[in-house]
Amino acid sequence: MSANDVLDVLNVQRDDLTQPAKKKARSEAAPAPKSGISRELYNLIGANTPPILVNMGNNRMKDRKLRVSPWTKMPFVPNERAGKAPTLHHWEKGAKELLMETSKDKPYYFDKFVVSVDIPEMVDEELFNQFMVEIKERQKQMAQKFKTSLHNKVEAQKANPLGASSALTVKKEDAPTVVKEEPTKDDSVKEASGETPLVSSNGKEPTELADQQETEAENKPLEAIDAMDVDEEEASGPLPWTYEETKLLFEFCKNFELKWFVINDRFPLKYGRSLEDLKEQFYAMCLMIMTHKSIGNPSLIDSLKAFLKPAEIERKHYLLNLLKRTPSEIAEESLLVIEARRFEIAAKKMLMERANLLSLLDLPQAALSVQQYQSSQGLGNLYSQLMIMDKNQRKKSQQKVLQMASDPVPPPIPVAASSLHKRDFQTHLQQYLSGYLKQQPQRPEDSAIQQLLSKKLTAKEEEAYGLFYHANERINPGVILRSTQRLSGLQQRQSVFRAVNNMLQELDIPTAGGTAWKPNMPTRKTMAKYDELTKAVVALLEVKKVKDKLEAEIELIKSQRELR
Amino acid sequence: MSTNAGPVYAGDEINALVLDPGTYTTRIGYSGDDFPKTIVPSLYAKDEDNSIHFDASLDYAKTKRQVLPILKDSLIEDWEGAVAQYRHYFDDVLKVDYEEQPILITEPVWGTTEYRQKLIETFYEEFNFPALYLAKTPSCVSFQQGRLTCLVVDIGHDSVSVTPVVDGICLLRNLMKTHYAGLFLNDQIKDTLVSSFSKLDLSPTYKIKTKTAVEYPLAAQYVARDLPESITESYDQTQQRRIFTEAKELLLETPEKRLNSSNAQQAAAYKEELKKEENERTMEAPLGQVFNTCLERFAWADLLFDPASYPFKDQSLADKYLPNSGELSLSSPYDDYRPIKRARKGETGPATPTPAPDSADPNKIRGLSQLVNHAISNIDIDLRTAIASTIIVTGGSSMIPQLNDRLNAELLSANPALKIKIHASGTSLERTTQAWMGGSVLASLGTFHQMWVSKAEYEEAGAERILTQRFR
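Residues numbered from 1 in each chain as written. Chains lettered and ligands numbered in written order. Predicted model: local features only at pLDDT ≥ 70, side-chain atom pairs only at ≥ 80, totals over all residues. Heavy atoms only, no water.

**Quick look at the overall build of chain A**
Piece 1. If you tally the helices and strands in chain A, you get 22 helices and 2 strands.
Piece 2. Expressed as a percentage of its 564 residues, the buried residues of chain A come to 27%.
Piece 3. On chain A, roughly 39,800 Å² of surface is accessible, and the fraction owed to carbon and sulfur atoms is 58%. (Helix = DSSP H or I, 4+ residues; strand = E, 2+ residues; numbered from the N terminus. Buried < 20%, exposed > 50% of the residue type's maximum accessible area, 1.4 Å probe, protein only. Areas by Shrake-Rupley, 256 points an atom, 1.4 Å probe, with all protein chains shown as cover.)

In structure tokens, the structure reads:
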């Protein structure tokens, strides 16, 4: 039973046309003889071929299997140009003959990674000596400059005794903060210089360091300068760079690709040079050679010029001090950093708010030139702009007024209307409104009521007009009828109410009846009196209750005594 | 050229041999593998008739068979044995085709120029390799970890060494090395066992036929084996070494802080705290005596950090280990002669102090953390943060539990302003073979193949030039 049979039984219409003719042809072309379970399965699937491609044992796979790509063990010579390189062997894909053909004069694939740094060639001895004289001159100048800048700073501090003393006191108080400022700077400096030795930003460091120096204790710079003096004398005194040594240095720089730490590590001890000595000599010599041969880009030359050994040593001094901090100092510092950040955020917030406020003012931009308004067209534009702005502003103020009107607050009361003792109770809104009214005293739409209000009223008049100041009361929005007003005296328990009601009825005091028990005529005065009355009645009832209780107790005790 | 060498995986397998001779074991294998093919003890057996044997022969008790070490301090001492060993493993075990494979040999940083020259010449003469390369052990370790700027702390068998590595190149002048390592621990354990467990019989296993386990103070109950006459001392020593190795593996645990701190009261309190029953560990000696250790096992591990506090009781052992501050009066291969004139004092300026060998106090003893700390404080300030945040601890003796924690804690307290981070691979096999693995990585890189030095080049350029410029 095939799928077709099943479909016939189920009366399912089959559209032969939907099947592409091509597919059909193929399935017919490959009639795989099936047997057993697979045949049954195939019958069930029938012509409804699944969307995935089932490989029915085509020849393709066989073809692929047959075609194994050959791998050949091939000899190769890495970095052949250097000469004397060994012949090594590795496996390559492809037939031997083919590979022999193609790889004949091709260099080794990884040879392109054999690179070396670009360092100017060392010059001959004569030129070197000439250069050395120049270098010495220049170094002296630079060191002098550096020193004087330091001295000046120290002197400046000293010259201004008041400032200095105040600085000292400040230093004592703010010592941690002052010290704390440096580390972050130093770190960045260090990273900047540590990464790129040749094209480093060494040039910017001296100034930065000089700035930092101010923050250091006063005697420190002087000491440093003195130390530098000694250092310099030493450097320029007994052991000037010889031609051989410099040549060796250049060789090392090339061999170790300007990895200064390694160069310093490997440079013969007998010369006794420090890392800074090496850098100084190399950069200075490179500079001379480059300018002499007029090669190298100007930015590189500039950065070479900027290298200053004393500054570099100073920088390392500061770094060293930075690493000598104690844990408590570090903790303090991190606290300060957090605090500083908080300040920063607060300042940013304030700026934002100020900007918002400024934009609220909607000032016409005065920063622009006047020229564009000089033509008649420009003037017209300006006029229309101003009109629009004016309209906007008016709209805004109207909106404000509308908002006020929609607010369920009593009509604005001018300040003049309220007597002195009542002014204290004025709400902010009232104050604002009265101020607002004052600002526009001659508004044409001032109503008669407002005019009336602006006059000073006596207590009697107020009463006559039914004016009343709600001082401390909370007033709910919306209109309230006094008859539905909730009196404080009426907020009692149900049983108490009933007693109060009885009492009122006994006394023949008219109430509205029902559950409201309100006076028939709920004027403010009546309501107030009524409230007072209810409270009094409640208090009276309480007293009576207690009295009854006490009397009962007395009776009880008396009877007990009699019994005895 | 290899067409399939992708840009990311810059490998190009040439099946180079990688040889990593250590004082304790020697590792040999093929580059590109993740593990050496053979790890064998660096020993050879020499019979009466001067024949040399390896593998199982090392453990076979035979009349007048000597078992001799090949290396000392990671340097080959016994060249005859070394060549014989390498030939045995190259030919008989690995079946090396010399013509086709270059060889990469790891070397310690402290090898002298003469030693290195001899090493190269021996290999060119004895074996027919087309090319060879000498790689420094710390560089290899840094390659294995993939951290090219780091501080390699190698706690091995003969020596503890601390080497800064910058861009894969070792800094020779900042090298620190002491002998407070595995062998020192062995001798200390032996010293303690002999003195405080006087009834303990430390005879090695090969002497025993059968045994019964007994609690320590009781005498051992065992039946001795029939042994050939005149077993050599060296054989016996080698066999006995296993007891200490086992003790190190079983018992040692690093205490959190120094056991002998300057505050005597505190130290006593801490010792009391350690003397709990839960801290006790037992071990069975080869003869069946089961002994119990508690404070001793902590003290042994504490040795590496504080060797000065544990003097040997046996004078002969004490003479073997002179006080060692770890500073080497090493002349780099670039210094062909010592300075003639040292006109300038403080030869390096304040910012980059290189350890001056002559200024060091020869009696100062540096434990592990002092050693590392000293090495860190000697490095150029610009490099210090990078180095301190990548400290790689390797070597077999570094596997004592809690050793890294202790080291980290002590370094942190000594350098509060530095970010200290210790990297140590988790598996014990990696710790012992890290240098080999690094060599394997190096030798399988396509870009590395230009570094091989052929015999022809060696002869043409000369030993000095090759050693300073190629095998740097």
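Okay, back to it.
**Observations concerning the environment of Val114 of chain A**
Piece 1. Looking at the secondary structure, you find Val114 of chain A in the loop between helix H5 (96–102) and helix H6 (125–159).
Piece 2. For Val114 of chain A, a relative accessible area of 24% corresponds to the partly exposed category.
Piece 3. A sequence separation of 36 residues divides Val114 of chain A from Pro78 of chain A, and the C-alpha atoms of the two residues are 9.9 Å apart.
Piece 4. Setting aside its immediate chain neighbours within four residues, Val114 of chain A contacts Asn79 of chain A together with Gln450 of chain B. (Contact = heavy atoms within 4.5 Å.)

**Structural notes on the packing of helix H3 (residues 137–145) of chain B against helix H12 (residues 428–443) of chain B**
All names here are of chain B.
Piece 1. One can describe the packing of H3 onto H12 by two numbers: an axis separation of 7 Å at closest approach and a directional angle of 85°. What the angle tells us is that H3 and H12 run roughly perpendicular. Here Thr137, Cys140, Val141, Phe143, Gln144 and Gln145 of H3 come into contact with H12, specifically with Glu430, Gln434, Ala435, Met437, Gly438, Gly439 and Leu442.
Piece 2. Residues that form the contact of H3 with H12 fall into these classes: 6 nonpolar, 6 polar and 1 charged. (Axes fitted to C-alpha atoms, helices over the stretch in contact; angles between N-to-C directions. Parallel < 35°, antiparallel > 145°, perpendicular 65-115°, else oblique. Nonpolar A, V, L, I, M, F, W, Y, C, P; charged D, E, K, R; others polar.)

**What to know about the sheet that holds strand E22 (residues 453–454) of chain B**
All names here are of chain B.
Piece 1. Read from one edge of the open sheet, 6 strands run E3-E2-E1-E9-E10-E22, paired in mixed fashion. Either end of the sheet is taken by a strand with one partner, and the two such strands are strand E3 (38–41) and E22.
Piece 2. Lying on the sheet, helix H1 (residues 79–93) is in contact with strand E1 (17–21), strand E2 (25–30), E3 and strand E9 (103–107); it crosses E3 at an angle near 145°.
Piece 3. Strand contacts of H3: E9 and strand E10 (131–136), with the helix running at about 85° to E10, the strand carrying the most contacts. (Pairing = 2+ DSSP bridges.)

**What about the nonpolar core?**
Piece 1. In terms of nonpolar packing, the biggest core is built from 103 residues, with Trp260 and Phe282 of chain A together with Ile391 of chain B touching the most fellow members.
Piece 2. By residue number, the principal contributor to this core is helix H12 (residues 275–293) of chain A, which donates 11 residues.
Piece 3. Counting residues in hydrophobic clusters, the runner-up holds 67 residues, among them Leu71, Leu94, Val96 and Phe471 of chain B. (Core = buried A, V, L, I, M, F, W, Y, C linked by side-chain atoms within 4.5 Å.)

**Here's the deal with helix H21 (residues 494–506) of chain A**
For an α-helix the count is 3.6 residues per turn, leaving residues at separations of three or four pointing the same way.
Residues and elements named next belong to chain A.
Piece 1. Taking 1.5 Å of rise per residue, the 13 residues of H21 would be expected to cover 18 Å, and the 18 Å separating its terminal C-alpha atoms lies within 8% of that figure.
Piece 2. Those residues of H21 that sit buried are Val496, Phe497, Val500, Asn501, Met503 and Leu504. Angularly, the buried residues of H21 cover 160° about the axis, an arc narrow enough to put them on a single face. In H21, the exposed positions that point more than 90 degrees away from the buried face belong to Gln494, Arg498, Gln505 and Glu506.
Piece 3. Those residues of H21 that are buried lie in contact with helix H22 (524–563).
Piece 4. Positive phi appears at Asp508, one or two residues downstream of H21, with a value of about 60°. (Expected span 1.5 Å × (residues − 1). Arc of directions from axis to C-beta.)

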